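Okay, here's what each chain looks like letter by letter:
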Amino acid sequence: MKTSRRELFETVDKPALKPLPPERYQYATWVDAKIHIDYHFVFDDHYYSVPYQHIHHPVQIRASSKTIECFHQGKRIAAHARSHVRYGFTTLKEHMPPAHLAQAEWSPDRMKRWAKKIGQKTSEFIEHMIVSRAFPQQALRSCLGLLRMGDRFGEERLEKACAIALSVGATRYQQVESILKKRLDTLTHSHEQNDPVISDHGNIRGSKYYK
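In this text, all values refer to a predicted model and were calculated from it rather than measured experimentally. (Residues numbered from 1 in each chain as written. Predicted model: local features only at pLDDT ≥ 70, side-chain atom pairs only at ≥ 80, totals over all residues. Heavy atoms only, no water.)

Caption draft 1: The arrangement of unusual backbone geometry in detail. Backbone geometry places Tyr 39, a non-glycine residue, at a positive phi of 50 degrees. A residue is classified by how much of its surface remains accessible, and Tyr 39, at 2% relative accessible area, is buried. Located in the positive-phi region is Asp 45, a residue other than glycine, with phi close to 65 degrees. On the secondary structure map, Asp 45 appears in the loop between β2 (40-43) and β3 (46-49). Overall, Asp 45 belongs to the partly exposed group, its relative accessible area being 31%. (Buried < 20%, exposed > 50% of the residue type's maximum accessible area, 1.4 Å probe, protein only. Helix = DSSP H or I, 4+ residues; strand = E, 2+ residues; numbered from the N terminus.)

Structure (structure tokens):
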């Protein structure tokens, strides 16, 4: 006796079918990362939090167009909606430590004291970075990056670079680093100089010609 395809589907395939997933499949990429002292990892220039117990742990990041997931040893430890705000922070309060040793060691107050030893402008820039964050701890990495440039370029140059950055409305330590790398802090700009606006040229007679 012959059996139609329809009959085979109804008796064999259909009973084995399962409901479709509630959401469509999303392509995702995987990358390795590390949790820093501020209990955040960075993906595509944005910072995402994880439970603070995972500080310094190597992790794997699964990123789709809508979500960012963080895994440690195969277990998902955090999930966030993906953000495309460059240098922004996505932080969950439950990830923050109640009393964190690393946070105590590198607290905002310690950053401010360190900055004051370098100079007033460095202190102002550090203060600006801290108050611009929803949580002061979010600025720890940027503050460390700025202050350690004093070792790389010298504290005097760092102070001048911070002054320039503040004058142009810069908000990130990478902008200060750019000033130092381009040596813009070594250029002097005097408003009282008497140099002519038009440079010397063979066709310009100059004031002595008329004497």
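Caption draft 2: Quick look at the sheet that holds strand β6 (residues 75-81). Across the sheet, which stays open at both edges, the four strands sit in the order β1-β4-β5-β6 with antiparallel pairing between neighbours. Each having just a single partner strand, β1 (29-34) and β6 make up the two edges of the open sheet. Ignoring which end each strand starts from, the neighbouring axes of this sheet average 25 degrees apart. As paired strands, strand β4 (residues 58-63) and strand β5 (residues 67-72) are joined by four bridges and run antiparallel to one another. Bridge pairing in β5 links Gln 60 to Phe 71. (Pairing = 2+ DSSP bridges. Axes fitted to C-alpha atoms, helices over the stretch in contact; angles between N-to-C directions.)

Caption draft 3: Fine view of the sheet that holds β3. Spatially, the three strands line up as an open sheet ordered β2-β3-β7, and their pairing is mixed. Either end of the sheet is taken by a strand with one partner, and the two such strands are β2 and β7 (89-90). Looking at chain direction, β3 and β7 are connected through two bridges and run parallel. Looking at the pairing, Tyr 48 lines up with Thr 90 of β7.

Caption draft 4: Fine view of the confidence of the model for the protein chain. For the protein chain, per-residue confidence averages 82 on the pLDDT scale, and 82% of positions sit at 70 or higher. Of the regions scoring below 50 in pLDDT, residues 190-211 engages in three contacts with residues more than four places distant in sequence or in other chains. (pLDDT = per-residue confidence, 0-100. Contact = heavy atoms within 4.5 Å.)

Caption draft 5: How the structure looks around the packing of helix α3 (residues 108-118) against helix α4 (residues 120-131). Close contact between α3 and α4 brings their axes to 7 Å; oriented N to C, the two are set at 155 degrees. Classified by the interaxial angle, the pair formed by α3 and α4 is roughly antiparallel. Between α3 and α4, the contacting residues are Pro 108, Met 111, Lys 112, Ala 115, Lys 116 and Ile 118 on the first element and Thr 122, Ser 123, Ile 126, Glu 127 and Ile 130 on the second. Grouping the amino acids of the contact of α3 with α4 by side-chain chemistry returns six nonpolar, two polar and three charged. (Parallel < 35°, antiparallel > 145°, perpendicular 65-115°, else oblique. Nonpolar A, V, L, I, M, F, W, Y, C, P; charged D, E, K, R; others polar.)

Caption draft 6: Up close: the environment of Ala 115. Tracing the backbone shows Ala 115 in helix α3. Separated by 28 residues in the primary sequence, Ala 115 and Cys 143 have C-alpha atoms spaced 9.1 Å apart. Beyond its immediate sequence surroundings of up to four residues, Ala 115 is in contact with Thr 122, Ser 123, Ile 126 and Leu 147.

Caption draft 7: Layout of the pattern of salt bridges. Under the criterion given, the structure shown has twelve salt bridges. The partner of Arg 86 in a salt bridge is Asp 45, with the nearest N and O atoms 3.3 Å apart. Residue Arg 86 is found in the loop between β6 and β7, and its partner Asp 45 is found in the loop between β2 and β3; the two are separated by 41 residues along the sequence. Here Arg 76 ties to Glu 69 by a salt bridge, and the two come within 2.8 Å at their closest N and O atoms. Judged by its relative accessible area of 48%, Arg 76 is partly exposed. Several salt bridges share partner residues, and in doing so they unite Arg 6, Glu 10 and Lys 14 into one network. (Salt bridge = Lys/Arg side-chain N within 4 Å of Asp/Glu carboxyl O.)

Caption draft 8: Summary view of the packing of aromatic side chains. Following the criterion strictly, the structure yields three aromatic pairs and no others. Relative to Phe 89, the ring of Tyr 47 lies with its centre 4.8 Å away and its plane at 15 degrees, an arrangement referred to as stacked. Remark: Phe 89 occurs in strand β7 and Tyr 47 occurs in strand β3; sequence separation between them is 42 residues. Across this residue pair, the class does not change: Tyr 47 and Phe 89 are buried. (Phe/Tyr/Trp six-rings, centres within 6.5 Å; stacked < 30°, edge-to-face > 60°.)

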